[in-house]
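Examination of the molecular architecture
Listed below, chain by chain, are the residues.
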Amino acid sequence: MFIHRLPSIVPSIFPSLIWDKKADAKENQVYFTFDDGPSPEITNFVLEELDKYQAKATFFCIGKNMRLFPDLALTAHAAGHSLGNHTMNHLNAWKVSEDEYRINKQACDEVFLDLDIPSVGFRPPYGRVNRAIIKNAPNLGPIFMWSLLTGDYNASLSPLSISENCLKNIQAGSIIVFHDSQKAYPHLKVILPEFLAYCYDNGFQLSAL
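Here's what I pulled together on the structure shown here. (Residues numbered from 1 in each chain as written. Predicted model: local features only at pLDDT ≥ 70, side-chain atom pairs only at ≥ 80, totals over all residues. Heavy atoms only, no water.)

1. Things to note about the environment of Val-30
Considering the arrangement of structural elements, one finds Val-30 in strand E1 (residues 29-35). Judged by relative accessible area, Val-30 falls into the buried class, the value being 0%. Taking the C-alpha atoms as reference points, Val-30 and Ser-174, separated by 144 residues in sequence, lie 5.3 Å from one another. Setting aside anything within four residues of it in sequence, one finds Val-30 in contact with Ile-170, Gln-171, Ser-174, Ile-176, Phe-204, Gln-205, Leu-206 and Ser-207. (Helix = DSSP H or I, 4+ residues; strand = E, 2+ residues; numbered from the N terminus. Buried < 20%, exposed > 50% of the residue type's maximum accessible area, 1.4 Å probe, protein only. Contact = heavy atoms within 4.5 Å.)

2. Some words on helix H7 (residues 159-166)
Those residues of H7 not exposed but buried are Ser-161, Ile-162, Ser-163 and Cys-166. In the core, the buried residues of H7 are packed alongside strand E5 (148-149) and helix H8 (185-201).

3. A closer look at the packing of aromatic side chains
Evaluated as defined, the whole model comprises 9 aromatic pairs. Plain terms: the ring middles of Phe-45 and Tyr-185 are 5.6 Å apart, the flat faces sit at 75° to each other, and that makes the pair edge-to-face. Separated by 140 residues along the polypeptide, Phe-45 in helix H2 (residues 42-52) and Tyr-185 in helix H8 bring together distant segments of the chain. Assessed through its relative accessible area of 13%, Phe-45 is described here as buried. Seen in terms of ring centroids, Tyr-101 and Phe-122 are 6.3 Å apart; in terms of plane orientation they differ by 75°. Their pairing is edge-to-face. With Tyr-101 in helix H5 (residues 98-115) and Phe-122 in strand E4 (residues 119-122), this residue pair connects regions lying 21 residues apart in the sequence. What links up through ring pairs into an aromatic cluster is the set Phe-32, Phe-34, Phe-59, Phe-178 and Phe-195. Above the face of the Phe-122 ring, Lys-105 is positioned so that its terminal group lies 5.6 Å from the ring centre. (Phe/Tyr/Trp six-rings, centres within 6.5 Å; stacked < 30°, edge-to-face > 60°. Lys NZ or Arg CZ within 6 Å of the ring centre and 35° of its normal.)

As structure tokens, this is what we get:
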């Protein structure tokens, strides 16, 4: 069974990571985040949908994609959204050495510098962390995880099941994960307008991290 909402015990195990913004949320703020872009068509779709509600969001970008599509990254930044590091090549921290992971993360940092875009922080791909990430968390900048995972990339889920399971769990301070990727797009193009409308109708303010 796919678990959308984060079990409450997990943040207490890794307190150096940011799982939600409940303590800082004002005016019913909710934080939409998008992983794995930027991607032509899909990121543009996301930006257009966000603009309909004057909503701000955060894009955790793969450095390789930023190199391929710098205009998309710059457009998102210029529109008032924040961008963060998602490694250069979407590395799984459980499958590479600590040194390889560190170098890959730093390579993505360099892309941000080259494009003159500030990075809001780091999100480890797959949400997987290793000993070095936890140990060096204070030096890596904010490490953002999530409180609600849509599962938009999961072909075994239906858009209806995603909406039914996630919308009821949104609360002030929630950090919600979507993906602006080809894999997620069939679901994303259905659920994102629904999530935006739900938040608007329920008085949530959509903010960037």
